[in-house]
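Descriptive structure summary
The lines below spell out each chain.
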Protein chains: 2
Amino acid sequence: MPPDSAPPDPPRAEVRRAQILAAAGDCFRSKGFHGASIAQISRIAGMSPGHIYHYFENKEAIIAAIVAQDLEHVLAMTASLRVACNMKEAMVEHVADGVERSLEPRAAGLNLEILAEAARNPHVADIVRSADRVCRGSLALTLRDLRRAGGHDDDEATIAGMIEVLAAMFEGLASRSIRNPELDRSVVVRLFEGALRDLLSQNP
Amino acid sequence: MPPDSAPPDPPRAEVRRAQILAAAGDCFRSKGFHGASIAQISRIAGMSPGHIYHYFENKEAIIAAIVAQDLEHVLAMTASLRVACNMKEAMVEHVADGVERSLEPRAAGLNLEILAEAARNPHVADIVRSADRVCRGSLALTLRDLRRAGGHDDDEATIAGMIEVLAAMFEGLASRSIRNPELDRSVVVRLFEGALRDLLSQNP
């Protein structure tokens with residue numbers, strides 16, 4: 001039983017949780033998942049290890065919360081796309097923000113660390129795969145509507161393939177942010193916008 | 001001075017080096033760069049730590065050799081593209097192989113581990129950035145020729161941006177291979193081929 005077992009009041013608890021996630025993200029990125037300890041995370045978060053355990057059972061639970069945050073962002077975006085008048089143009093309008101977020105070096109480093117850990121740790125693999133399944137489900141709804149609005153009637157495999165291409169493009173930017181930190185973001189945004197329009201208009 | 005200091009005969013030395021790189025790749029992927037030790041690598045490679053040090057000064061030198069191997073593969077591909085009659089179609093023909101290689105889970109896990117390490121270790125960052133610079137230089141020559149053959153006269157920034165989009169797409173497949181191991185490769189290849197044709201024909 002964690003030392004601080006009284007139920008925290010919700011806004012304060014949210015702030016604490018966010019502090020822990022930010023501190024853990026820093027530690028995972030700079031030390032690696034295995035090199036980061038709850039003791040270090042608690043030091044950076046400015047609270048006791050007991051406090052951390054009050055919110056998270058272990059480091060994997062923290063990873064799950066970080067992955068859930070990213071998932072929420074995608075779900076909010078796909079929900080907003082589904083109510084747009086012109087879904088395709090609404091999606092193109094999100095490209096600049098998506099490129100910027102994906103290239104942010106700290107987020108990129110953390111993402112790559114979580115994926116590298118998922119490649120060797122079945123629990124972390126389960127976390128990222130479950131989130132990805134939900135993310136693909138939401139994107140599939142959006143893309144199917146968008147393609148129907150454009151007069152295309154795709155089979156499930158084509159929609160799933162389009163999601164893979166989109167996901168690869170944006171997820172690949174984490175890698176580009178590390179390999180070529182000086183890349184010209186404005187040109188990348190322009191070409192991503194063009195590539196997205198082409199992909200969404202393809203006759204597969 | 002390493003114990004085995006006589007110069008090894010070249011083919012045998014090549015085999016030894018390849019054994020070490022394969023063993024080190026396994027260790028880095030399964031234990032992480034920091035968790036992997038020269039002692040473990042030597043056990044998996046079936047040779048003494050002294051032998052390993054005969055070929056590589058330290059773990060970073062092994063990473064440099066792994067990155068150099070990948071770079072060589074890209075340089076060989078771009079060189080073969082530059083002598084093709086129809087460069088664009090030759091490039092499209094390489095898509096299936098590129099997708100397959102990028103999705104291979106062991107290679108993907110190792111790549112992600114190297115990138116995660118590069119995000120926190122300036123020496124490893126230098127290694128991947130130098131290789132990426134060479135890779136981009138070679139791709140730029142190829143793309144400029146290819147686009148000129150198609151009647152486009154692009155500025156340097158556009159060529160550099162196209163390279164970023166291509167690189168993001170293929171590098172992002174490592175992430176997709178971890179997040180969605182069941183993805184339908186044949187659909188991804190078909191859509192990547194379409195996306196590549198569109199990108200190479202864009203009027204930016």
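All figures in this text were calculated on a predicted structure; none of them were measured in a lab.

Rules behind the numbers
Residues numbered from 1 in each chain as written. Chains lettered and ligands numbered in written order. Predicted model: local features only at pLDDT ≥ 70, side-chain atom pairs only at ≥ 80, totals over all residues. Heavy atoms only, no water. Salt bridge = Lys/Arg side-chain N within 4 Å of Asp/Glu carboxyl O. Helix = DSSP H or I, 4+ residues; strand = E, 2+ residues; numbered from the N terminus. Buried < 20%, exposed > 50% of the residue type's maximum accessible area, 1.4 Å probe, protein only. Contact = heavy atoms within 4.5 Å. Buried area = accessible area lost by both parts, 1.4 Å probe. Polar contact = N/O pair within 3.5 Å; in protein donor to acceptor, adjacent residues only side chain to side chain. Nonpolar A, V, L, I, M, F, W, Y, C, P; charged D, E, K, R; others polar. Phe/Tyr/Trp six-rings, centres within 6.5 Å; stacked < 30°, edge-to-face > 60°. Lys NZ or Arg CZ within 6 Å of the ring centre and 35° of its normal. UniProt positions renumbered as here; feature names shortened; annotations may be inferred. Domains from an automatic or database assignment. Expected span 1.5 Å × (residues − 1).

1. Here's the deal with the pattern of salt bridges
Scanning the model with the defined rule gives 24 salt bridges over all chains in all. Among the ionic pairs, R176 of chain A bridges to D132 of chain B, the shortest N-O distance being 2.7 Å. Taken together, the residues R176 of chain A in helix α9 (residues 156–179) and D132 of chain B in helix α8 (residues 122–149) connect one chain to another. Exposure class is identical for R176 of chain A and D132 of chain B. Each is buried. A cluster of three or more residues bridged by salt bridges with shared partners is formed by D132, R136, E164 and E171 of chain A together with R176 and R179 of chain B.

2. Considering the interface of chain B and chain A
With 48 residues of chain B at the contact, the number on the chain A side is 48 residues. Approximately 4,100 Å² of surface area, both sides summed, lies buried where chain B meets chain A, with 60% of it carried by carbon and sulfur atoms. Between the two partners, chain B and chain A, sit 10 salt bridges. The interface formed by chain B and chain A holds 22 residue pairs in polar contact (both at pLDDT 80 or more) in total. It is helix α9 (residues 156–179) of chain B that contributes the most residues to the side of chain B that touches chain A, 16 residues altogether. Split into classes, the residues belonging to the side of chain B that touches chain A amount to 23 nonpolar, 11 polar and 14 charged.

3. Quick notes on the packing of aromatic side chains
All names here are of chain A. In the structure shown here, the tally under the stated rule is 4 aromatic pairs over all chains. With 5.2 Å between their ring centres and 80° between their planes, F170 and F192 make a pair best called edge-to-face. Linking F170 in helix α9 with F192 in helix α10 (residues 185–201), this pair joins segments that are 22 residues apart in sequence. With a relative accessible area of 21%, F170 lands in the partly exposed category. A relative accessible area of 0% places F192 in the buried class. Here the basic side chain of K59 rests over the ring of F33, its NZ or CZ set 4.7 Å away from the ring centre.

4. Describing the UniProt feature "DNA-binding region" (unreviewed entry) in chain A
Taken from the UniProt record, the annotation "DNA-binding region" (unreviewed entry) applies to residues 37–56 of chain A. Regarding residues 37–56 of chain A, the helix share stands at 75% and the strand share at 0%, and the terminal C-alpha atoms are separated by 13 Å.

5. Focus on the domain arrangement of chain A
Residue and element names in this part refer to chain A. With domains assigned, chain A is organised as domain 1 (1–56) and domain 2 (59–201). Just the C-alpha atoms count here: the centres of domain 1 and domain 2 sit 28 Å apart. On the domain 2 side, the residues contacting the 16 residues of domain 1 number 15 residues. Of the roughly 1,300 Å² buried between domain 1 and domain 2 on both sides combined, carbon and sulfur atoms contribute 72%. Along the contact surface separating domain 1 from domain 2 lie 1 salt bridge. In this structure, the salt-bridge partner of D26 is R106, at a minimum N-O distance of 2.7 Å. Inspection of the domain 1/domain 2 interface yields 5 residue pairs in polar contact (both at pLDDT 80 or more). Secondary structure elements with two or more residues in the side of domain 1 that touches domain 2: α1 (10–31) and α2 (38–45).

6. Comments concerning helix α4 (residues 59–82) of chain A
Residue and element names in this part refer to chain A. Helix length check: α4 (24 residues) gives 35 Å between terminal C-alpha atoms against 34 Å at 1.5 Å per residue, within 8%. Those residues of α4 that sit buried are K59, I62, I63, A65, I66, V67, L71, T78 and L81. Residues of α4 that are buried make contact with α1, α2, α3 (49–55), α5 (87–93), α7 (105–118) and α8 (122–149). You can read the cap of α4 off the contacts: a side-chain oxygen lies 3.2 Å from the backbone nitrogen of E60, and it is on N58.

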